[in-house]
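Fold and geometry: a report
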Amino acid sequence: SLELLCRGYVVGMVLSAVLVSLLAVVEHRIQLPQGNVVALSTRGPSAFRVRLIGGDDGGPLSSVMVEPDGEDANFTLVSSAAGSGIRAVFGEVLVSSAGEVVLRDAAGAELARSSTIQMGGTALQLTSAEDQVLYGAGAGPDDATVLRSEGNVTPLVVNRATYVPHYFSTAGYSALGVVSAEDTFITREGAIYPASFASSGPSVSWNFTVPFELYLMPAASLEAGTRAYYDLIGRPRVPPKWSFGFIASRWGWDNRTYIEDTLHHFRDGQFPADAFIVDFLWYANGSDYAFHAEGEPWFNDFEWHNTTFPNPREQMEKYRDMGFRYAGIRKPRLGNSQLLADATSKGWILPQGEPGGDPFGSSGFYGVGRELDFAQPALRHWYADHQAHYLSDGVSFWWNDEGETDFFTFHWWNVAQADTLRRTKPTDRFYALNRAFSPGMARLGVGFWTGDINPTWGDLAQQPGMMLKWGLAGSPYVGCDIGGFTGETNAALLARWYQQGVFLPIMRVHSVNVATPHWPWLWGAEAGEVMKAALELRYRLLPYHYSLAHRMYDTGQLWMRSMAQAFPSSDTTSELTSQWMDGEILVAPVLSEDSQMEVVLPTGKWYPFPAGGAAVQGPATLTGAANASDIPAFVAAGSVVPLGPVVQHTGALPGGPLEVLVFPGADGSFELVDDDGESTAYEQGATRRVQFTWTDASATLSWTAVGTPGPSHFQQVFVTGPSGARSGVVDIASGGEVRLVAEFVV
């Protein structure tokens, strides 16, 4: 009837008005005299989004780099002589009458002002009041030992390097540039994301394709700016507990006998380890590097190789009983001609290949015509179908190699693999290791390694900086090919690399098939004992490291931090990459062939870790020759560090009581966090938390515990001081305290 039609029209008008009202709250649009529109909004709890609109507006870009865990911050509209814009609790962003974007902090101080926005422009300059230093753009071998980001930064992924469209400026803000994923392209230098920037004095100049969005985060320090960045891209999920142990990898596991002999060597020699990784010959019956675009009919992409895994399910169960998880290498391409023909007919093949060489000419790419386009949902579904059986057979995680075919290949590839897991084991945590990253992948709970590095002292020295700079750029779980991948290493270098690996987020060896594997027992008794001691320390640190991973998930504070983050006012340590903070532990491993150490201690009282002993008063620089077994490390007065007993794999936890090291001279605390180590239940709060508090005046360690303890959680505790004082073993229960007295005279 007419009455019903009228009512429907009125309801529709009301709903439309409500929708317009909601959009007005979500985004504030400002018309510029030049004809441009600038749209301002918030994303997540601490970022402004500035959209530059020069023509038809398709709405905000959908970028996999941006997925905040928190709600978008509320904002109010502001207008003054300085301009019109929005204000949130963390600052404000305005557009001046001249068409400049102005960023201010919460107190109203100007942090940066842009050049005038031009119609259809592809460049923008942000200028601050003083010269600035940038951090957080990523790293490669050429700049790994310099913490700051210098010169022109072109975001790209390639073997051994990742750079991202992000920085923190010492002018007091962080920035992330976003363009359409369709604008990415590839060159011999890598897969490029076309939102580059360069710094010069007080200015940062952006160059980009359009449409372009700039996320701006007022932040007074590198620490605050990094947290704001992770709030925007998504906080790192906690990987499975076994990934915090040791991973044995090599190219060249020839057959089942070799696999099982090696695993028994680890267990019989009491070299702790939790996982092993096999290269090509676990699934394929050869290498595909020399294949043409049509592939080969005999190649296997989704099967088991009958030489290494003739009985995969039985083998996986056997190895799991020994405490080993298994991963196989994966490539983002196909080699089988029938599968290739099917994928090509469906439009699932990228036009480009992988940078790094051409077996047929001089194009600089391989795998051309065979690389999968994981950005397509249908391809991801097909891929998950084909490899789901591996998880049912017992594969625990993936090792993803050579995925630099697009800036976001690794992201979408991991999404496809995570989808596979959701089908078979929906409550398990997803885990994979990847050779490069894009911002936002940390929220998937995955790890990364720094590419095909060389067995040299120079490469050893680069790895801490790679780890620190990648962490600032959005990848907090980073490891490397311990010992170097590309050729033969030597015992002294490998032993020092093991020591460094104790304090990296991921501890994993790897080597090329023509090199001696990097197993500890193959390098002489002395070096082998050094490597074994490093492994044992890594496993003693498990409860400490796992708790720091939970802290990173809970708060956004990086587990491994640069000295510039931890001690921003210390001019002597701020640019160092040769030492870093593993939580509260200052680590400065030996990185040179002459075994010379150098440790720069900030102001305060510092104790050797873990041995204890007399404190050193900082600021101080410690130098000299280090013994082969030395890993220079220190903790500040007031530090509380939990250590577990030595176990051979994480499945053997707890293995005995927890030891808590306390270091007098100041009050301190530490929250021990544990969970089931396997599932995503921790995201819903299923954790066991023990808050330890050290009261220096009374030399008392007290604690309170919440959450139900599980079978792998620590039930008992004892306390040790730096000069040898040790308490008795007591139950943790729901709380308690232990007092130590006479030994604490320093």
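For the structure itself, consult the block above.
For the structure given in this document, a descriptive report is provided here. (Residues numbered from 1 in each chain as written. Predicted model: local features only at pLDDT ≥ 70, side-chain atom pairs only at ≥ 80, totals over all residues. Heavy atoms only, no water.)

Thoughts on the overall build of the protein chain
On a plain count of helices and strands, the protein chain comes out with twelve helices and 45 strands. The C-alpha radius of gyration computed for the protein chain amounts to 27 Å, which stays within 12% of the reference 27 Å derived for 746 residues, consistent with globular compactness. For the protein chain, the spread of C-alpha atoms along the principal axes amounts to about 85 × 70 × 60 Å. Within the span of the protein chain, comprising 746 residues, buried residues form 60% of the whole. Relative to all contacts within the protein chain whose residues are 6 or more apart in sequence, the contacts with residues 24 or more apart total 69%. (Helix = DSSP H or I, 4+ residues; strand = E, 2+ residues; numbered from the N terminus. Rg over C-alpha atoms; globule rule 2.2 N^0.38 Å. Buried < 20%, exposed > 50% of the residue type's maximum accessible area, 1.4 Å probe, protein only. Contact = heavy atoms within 4.5 Å.)

A closer look at the pattern of salt bridges
Opposite charge on two side chains makes pairing possible when the charged atoms of those side chains draw close. Tallying each qualifying case throughout the model produces 42 salt bridges. Note that Glu402 and Arg333 form a salt bridge whose closest N and O atoms lie 2.8 Å from each other. Separated by 69 residues along the polypeptide, Glu402 in the loop between strand 27 (397-400) and helix 7 (409-424) and Arg333 in the loop between strand 24 (325-330) and helix 5 (337-345) bring together distant segments of the chain. Assigned by exposure class, Glu402 and Arg333 land together as buried. (Salt bridge = Lys/Arg side-chain N within 4 Å of Asp/Glu carboxyl O.)

Some thoughts on the environment of Phe567
Take Phe567: it is sitting in the loop between helix 12 (563-566) and strand 33 (580-582). Looking at Phe567, the relative accessible area reads 21%, which means it is partly exposed. Separated by 405 residues in the primary sequence, Phe567 and Thr162 have C-alpha atoms spaced 26 Å apart. Setting aside anything within four residues of it in sequence, one finds Phe567 in contact with Thr573, Met581, Pro602 and Trp606.

Some words on helix 3 (residues 256-268)
Over its 13 residues, helix 3 runs 18 Å from end to end, which matches the ideal 18 Å to within 8%, given 1.5 Å per residue. Of all the residues in helix 3, the buried ones are Arg256, Ile259, Glu260, Thr262, Leu263, Phe266 and Arg267. End-on view of helix 3: buried residues confined to an arc of 160 degrees, all on one side of the axis. In helix 3, the exposed residues that point more than 90 degrees away from the buried face are Thr257 and Asp268. The elements touched by buried residues of helix 3 are strand 22 (246-250), strand 23 (275-278) and helix 4 (312-321). Phi turns positive one or two residues past the end of helix 3, at Gln270, with a value near 55 degrees. (Expected span 1.5 Å × (residues − 1). Arc of directions from axis to C-beta.)

Side note on the layout of surface pockets
Reported here for the largest pocket is a volume of approximately 410 Å³. Along the wall of the largest pocket there are 22 residues; nearest its centre are Ala181, Glu182, Ala375, Asp406 and Phe408. When contributions to the lining of the largest pocket are tallied by element, the ones reaching two or more residues are strand 16 (173-179) and helix 7. A per-class count over the lining of the largest pocket returns 13 nonpolar, six polar and three charged. (1 Å grid on protein atoms, 1.4 Å probe; cavity = no way out; pocket = protein on both sides within 12 Å on 5 of 7 lines; lining within 4 Å. Points joined across faces, edges and corners; volume = space filled by probe spheres on them. Nonpolar A, V, L, I, M, F, W, Y, C, P; charged D, E, K, R; others polar.)

Quick word on the packing of aromatic side chains
Applying the stated criterion across every chain, the model contains 63 aromatic pairs. Seen from their ring centres, Phe291 and Phe299 are 5.2 Å apart, and the 85 degrees between their planes marks the pair as edge-to-face. You'll find Phe291 and Phe299 in the same group, each marked buried. Taking 5.8 Å as the distance between ring centres and 25 degrees as the angle between the ring planes, the aromatic pair formed by Phe410 and Trp413 counts as stacked. Here the residue Phe410 and the residue Trp413 both occupy positions in helix 7, the gap between them amounting to three residues, near one helical turn. What makes Phe410 buried here is its relative accessible area of 2%. Overall, Trp413 belongs to the buried group, its relative accessible area being 0%. Its end group placed over the ring of Trp449, Arg508 keeps NZ or CZ at 5.3 Å from the ring centre. The lysine or arginine in question, Lys532, covers the ring of Phe271, its NZ or CZ lying 5.6 Å from the ring centre. (Phe/Tyr/Trp six-rings, centres within 6.5 Å; stacked < 30°, edge-to-face > 60°. Lys NZ or Arg CZ within 6 Å of the ring centre and 35° of its normal.)

Quick word on the pairing of strand 7 (residues 101-105)
Remark: a regular strand shows side chains that alternate across the two faces of the sheet. Judged by how many residues are buried, strand 7 sits mostly within the fold: four of five residues are covered. Pairing of strand 6 (residues 91-95) with strand 7 involves five bridges; the strand directions are antiparallel. Of the residues in strand 7, the one forming a bridge with Glu92 is Arg104. As consecutive antiparallel partners, strand 6 and strand 7 are separated by five residues, and within that stretch Gly99 has a phi angle of approximately 85 degrees, a positive value. The pairing of strand 7 with strand 8 (residues 110-114) spans three bridges and is antiparallel. (Pairing = 2+ DSSP bridges.)

A closer look at the packing of helix 6 (residues 377-393) against helix 7
Between helix 6 and helix 7, the least distance of the axes is 8 Å, while the angle of their chain directions is 55 degrees. As judged from the angle between their axes, helix 6 and helix 7 are oblique. As helix 6 runs across helix 7, the sense of the crossing is right-handed. Residue-level contacts link Arg380, His381, Tyr383, Ala384, Asp385, Gln387, Ala388, Leu391 and Ser392 of helix 6 to Trp412, Trp413, Val415, Ala416, Gln417, Thr420, Leu421, Arg423 and Thr424 of helix 7. Counted by class, the contact of helix 6 with helix 7 contains nine nonpolar, six polar and three charged residues. (Axes fitted to C-alpha atoms, helices over the stretch in contact; angles between N-to-C directions. Parallel < 35°, antiparallel > 145°, perpendicular 65-115°, else oblique. Left-handed = near helix turned anticlockwise from the far one by under 90°.)

A closer look at unusual backbone geometry
Residue Val210 is joined to Pro211 through a cis peptide bond whose omega torsion reads 5 degrees. With respect to the helices and strands, Pro211 occurs in the loop between strand 20 (203-208) and strand 21 (212-218). The peptide bond linking Gly618 to Pro619 adopts the cis configuration, its omega dihedral lying at 10 degrees. Topologically, Pro619 is positioned in strand 36 (residues 616-625). Residues other than glycine seldom take positive phi values, yet Ala699 does so here, at roughly 50 degrees.

Brief notes about the sheet that holds strand 6
Taking strand neighbours across the sheet as the criterion, the nine strands line up as 4-5-6-7-8-9-20-19-12 in an open arrangement whose pairing is antiparallel. The strands lining the two open edges of the sheet, one partner per strand, are strand 4 (76-80) and strand 12 (152-153).

A look at the environment of Tyr258
Positionally, Tyr258 belongs in helix 3. Separated by 93 residues in sequence, Tyr258 and Pro351 place their C-alpha atoms 39 Å apart. Apart from the residues within four sequence positions on either side, Tyr258 is in contact with Arg250, Gly252, Trp253, Pro517 and Trp519. Among the polar contacts listed, one links the side chain of Tyr258 to the side chain of Arg250, at a separation of 2.9 Å. (Polar contact = N/O pair within 3.5 Å; in protein donor to acceptor, adjacent residues only side chain to side chain.)

What to know about the sheet that holds strand 40 (residues 668-674)
Spatially, the four strands line up as an open sheet ordered 40-41-42-45, and their pairing is antiparallel. Edge positions in the sheet fall to strand 40 and strand 45 (735-739), since each has one partner strand and no second. The mean angle between the axes of side-by-side strands here comes to 15 degrees, regardless of whether they run parallel or antiparallel. Where strand 40 lies against strand 41 (residues 688-695), seven bridges are found, and the strand directions are antiparallel. Looking at the pairing, Asp674 lines up with Arg688 of strand 41.

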